[in-house]
Amino acid sequence: MDFADRPLRIIHSEAAGTFGGQEHRVFKEMMAMRERGHFLEAICQPGSMLGERLMREGFRVHLLKMDGIANYLKGIYKVACILRAGRFDVLNTHSRRDTVIAAAAGRLAGTPLIVRTRHLAKPPGSLWTYTGLPHKVVAVSDCVREQLIKRQVEPADVATVHTAIAAMHRLEHSSLRLELSIPESDIVVCCVGHLRVQKGQRQLMDAMAQIMQVRNNVRLVFVGSGSQWEPLQQHALELGHAARMHFLGRRDDIANILSGSNIFALATQFEALGTAFLEAEFCGLPVVGTRVGGAPEAVVDGITGFLVPCGDEPALIHALTRLVDDPDLRKSMGQAGASILGHSARFTVQRMAKHMERSYLKWLAGAPAAQKEPAF
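In this text the structure is predicted, and so the values were computed from the model without any measurement.

(A) The arrangement of the overall build of the chain in detail. Looking only at helices and strands, one finds 15 helices and 13 strands in the chain. For a compact globule of 376 residues, the expected C-alpha radius of gyration is about 21 Å, and the chain comes in at 22 Å, within 12% of that figure. Seen through its principal axes, the chain has C-alpha atoms that stretch 65 × 40 × 40 Å. In the chain, which comprises 376 residues, the proportion classed as buried is 56%. Considering only intrachain contacts with a sequence separation of at least 6, the fraction spanning at least 24 residues in the chain is 65%. Within the structure as shown, the chain displays about 16,000 Å² of accessible surface, and the carbon and sulfur contribution to it stands at 52%. Across the chain, the mean location of the 44 positive side-chain charges is 6 Å away from that of the 37 negative side-chain charges.

Below is the structure:
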């Protein structure tokens, strides 16, 4: 069958109930692939934020409970029926839980292509959900791809398709400083990300506290929600800088917040790619991050920002201090990041969809997909 002669019938599965970077990628990918003329549906857990957003956009979403052995067995049967009835060409799974259900069902239903997308920047444990159940794997960065290959996934069976972000631009006027009563002369360091231990917000707070001890014109703004919401605010009180460490919660006006900031920082312990870095660079902010996972694919060290070793507090303090004290360096690095991303299509939604389509079609035709995308 020549799949290139007609739109593909694609169904995604995702077990998560929250809406983080992984779920955002699924949402953007489905929207973009639909725009390219393909037919898409999804399998999500009841009450999931991804499922609700997809339904609002007009996608059909099959609701499936995925917890527990009883739901596992029922789920395989139900998904196999969905796949057979929908005559899908591609099943794309995203989390371990949905993969063990949906990919097993795909094997039973004879779905032509089963793909697992790997979103995490840690070497996988069991390979069953990468080589046993799916036919092929998509990695969200070259770093993730290399980790899979080191775990004995065949190079021809895994393709890098970088996660895309919507193009952002620095706004001429931001409401951030008015909202928080921050003087224009103050330096605002912004951190956007889910509030969880591995994102390193606590380490960033400790480093910033050292800087705040000797510089009274520095603020730290956190955007995001999560399990560390209350512990981090308590830590700000313990550090004695609660009045200069602001927690905004989940926001939809990221460009507005970044446009009111001077520096972006994220001391993450793991990062598959670092879309938050890319958003900051689009808005003309210099970046301070940790040299982990796919971060070097998003940040050009020494040009668009600084990458420091994970857990190296003196190095983190030094990088932040250099940018706090040098407005010309902030400007040049910010301009470099915006210019590089502005002239590159590497992280656009259109490119992501094109490369996913190309990988699907080559794999369906029995050929290896492009293994690695070119650099900037």
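(B) Representation of helix 11 (residues 275-282). For helix 11, the tally of buried residues reaches 7 of 8 residues, placing the bulk of the element in the interior. The complete set of buried residues in helix 11 reads Ala276, Phe277, Leu278, Glu279, Ala280, Glu281 and Phe282. Of the surrounding secondary structure, the elements contacted by the buried residues of helix 11 are strand 8 (187-192), helix 10 (254-259), strand 11 (263-266), strand 12 (287-290), helix 12 (295-298) and helix 14 (327-342).

(C) Highlighting the pattern of salt bridges. Enumeration according to the criterion identifies 13 salt bridges in this entry. The salt bridge partner of Arg346 is Asp142, with a shortest N-O separation of 3.8 Å. Note that Arg346 is positioned in the loop between helix 14 and helix 15 (349-364) and Asp142 in helix 6 (residues 142-150), a separation of 204 residues in sequence. Using a relative accessible area of 7% as the deciding quantity, one classes Arg346 as buried. Ionic pairing is found between Glu271 and Lys199, a salt bridge with its closest N-O pair at 3.1 Å. Note that Glu271 is positioned in the loop between strand 11 and helix 11 and Lys199 in the loop between strand 8 and helix 8 (201-214), a separation of 72 residues in sequence. Linked through salt bridges whose partners overlap, the residues forming this network are Glu179, Arg251 and Asp253.

(D) Focus on the packing of helix 13 (residues 313-325) against helix 14. Contact geometry of helix 13 with helix 14 gives a least axis separation of 5 Å together with a crossing angle of 100°. Relative to helix 14, the element helix 13 is oriented roughly perpendicular. Facing Arg322, Leu323, Val324 and Asp325 of helix 13, the residues of helix 14 in contact are Pro327, Leu329, Arg330 and Met333. Among the residues forming the contact of helix 13 with helix 14, the class breakdown is 5 nonpolar, no polar and 3 charged.

Conventions adopted
Residues numbered from 1 in each chain as written. Predicted model: local features only at pLDDT ≥ 70, side-chain atom pairs only at ≥ 80, totals over all residues. Heavy atoms only, no water. Helix = DSSP H or I, 4+ residues; strand = E, 2+ residues; numbered from the N terminus. Rg over C-alpha atoms; globule rule 2.2 N^0.38 Å. Buried < 20%, exposed > 50% of the residue type's maximum accessible area, 1.4 Å probe, protein only. Contact = heavy atoms within 4.5 Å. Areas by Shrake-Rupley, 256 points an atom, 1.4 Å probe, with all protein chains shown as cover. Lys, Arg positive; Asp, Glu negative; His and termini not counted. Charge placed at Lys NZ, Arg CZ, Asp CG, Glu CD. Salt bridge = Lys/Arg side-chain N within 4 Å of Asp/Glu carboxyl O. Axes fitted to C-alpha atoms, helices over the stretch in contact; angles between N-to-C directions. Parallel < 35°, antiparallel > 145°, perpendicular 65-115°, else oblique. Nonpolar A, V, L, I, M, F, W, Y, C, P; charged D, E, K, R; others polar.

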